[in-house]
Amino acid sequence: MTMRNTMVVILATCLMAGGTQARGEHQTEQNKKEEANGANTQATATAMRNSAQDPTYKIGPQDILKIDVWKEEQLTRTVPVRPDGKITLPLLNDVQAVGLAPMELASEISEQLKKYINNPQVTVSVTEINSRRVYVTGEVMKGGAFALLPHMTVLQALSSSGGFTQFARVKNIYVLRTENGKQVKLSFNYKEAVSGRNPAQNIELQPGDVIVVP
């Protein structure tokens, strides 16, 4: 009887140890995934900040701007760019923002403020880039809108979508793009792209592009 009880205790201890190890391995794997996701998110945020600080960056609809007017706190504020491309500021009402670089917009605001303020000094910074987005839809693990980073290609955008489902027809992927008011369809063969064949199809994406994985 004592020997039987001892064997039961040993068996239970082994099962508990195995369960603990399995949970530990699962937790480690989960932590690795979370760390990878965090690293990707941080990299995206850094790239977005770098884009916003680029002096050649052109402001787009729904971007968020910080307008600083030196020694004029009542005029300093954070404003969104409306869909019509304009922002609203005290004294000036509507000011066109879309299509201008931050420095160009700062110069325009400064020029208009001269009617009310002596030697206005204006700084414009982009705090959020919401106008530059691409979209991935269809047979991918994580579809949706993604930040369009500088010089992002189709392959790079697809890598952000978490991979394909088992039903994806990766040879028949295409990009929908609007050019001169018309929608065009650009073919993309994933297998050729990853093997280095026909590299011309791995095009640089533009704001608003939609990648469809059938």
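For the structure itself, look to the data block above.
First, a word on what this report is: a plain description of the structure on this page. (Residues numbered from 1 in each chain as written. Predicted model: local features only at pLDDT ≥ 70, side-chain atom pairs only at ≥ 80, totals over all residues. Heavy atoms only, no water.)

## Section: the packing of aromatic side chains
So, step 1. Across all of its chains, the model carries one aromatic pair by this definition.
So, step 2. Here the aromatic rings of F164 and Y190 are separated by 4.8 Å at their centres, their planes lie at 80°, and the arrangement is edge-to-face. Of this pair, F164 sits in the loop between α3 (154-159) and β8 (173-179) while Y190 is found in helix α4 (residues 190-194), placing the two residues 26 residues apart along the sequence.
So, step 3. Of note, K185 hangs over the ring of Y174, and the distance from its end group to the ring centre comes to 4.2 Å. (Phe/Tyr/Trp six-rings, centres within 6.5 Å; stacked < 30°, edge-to-face > 60°. Helix = DSSP H or I, 4+ residues; strand = E, 2+ residues; numbered from the N terminus. Lys NZ or Arg CZ within 6 Å of the ring centre and 35° of its normal.)

## Section: unusual backbone geometry
So, step 1. Residue L91 is not a glycine yet carries a positive backbone phi of 75°.
So, step 2. Among the structural elements, L91 can be located in the loop between β3 (86-89) and β4 (93-96).

## As for the sheet that holds strand β2 (residues 77-80)
So, step 1. The strand order across the open sheet built from three strands is β2-β1-β5, with neighbouring strands paired in antiparallel fashion. Because the sheet does not close on itself, it has two edges, and the strands there are β2 and β5 (122-128). Strand-to-strand twist of the sheet, defined as the mean angle between neighbouring strand axes without regard to direction, takes the value 30°. (Pairing = 2+ DSSP bridges. Axes fitted to C-alpha atoms, helices over the stretch in contact; angles between N-to-C directions.)

## Topic: the sheet that holds strand β9 (residues 182-188)
So, step 1. Read across the sheet, five strands follow the order β7-β6-β10-β8-β9 without closing on themselves; strand pairing throughout is mixed. Edge positions in the sheet fall to β7 (144-147) and β9, since each of these pairs with one other strand and no more. Adjacent strand axes in the sheet meet at a mean angle of 25° when their direction is disregarded.
So, step 2. Relative to strand β10 (residues 210-213), β8 runs antiparallel, the two sharing three bridges.

Any functional reading would require information that these geometric values do not contain.
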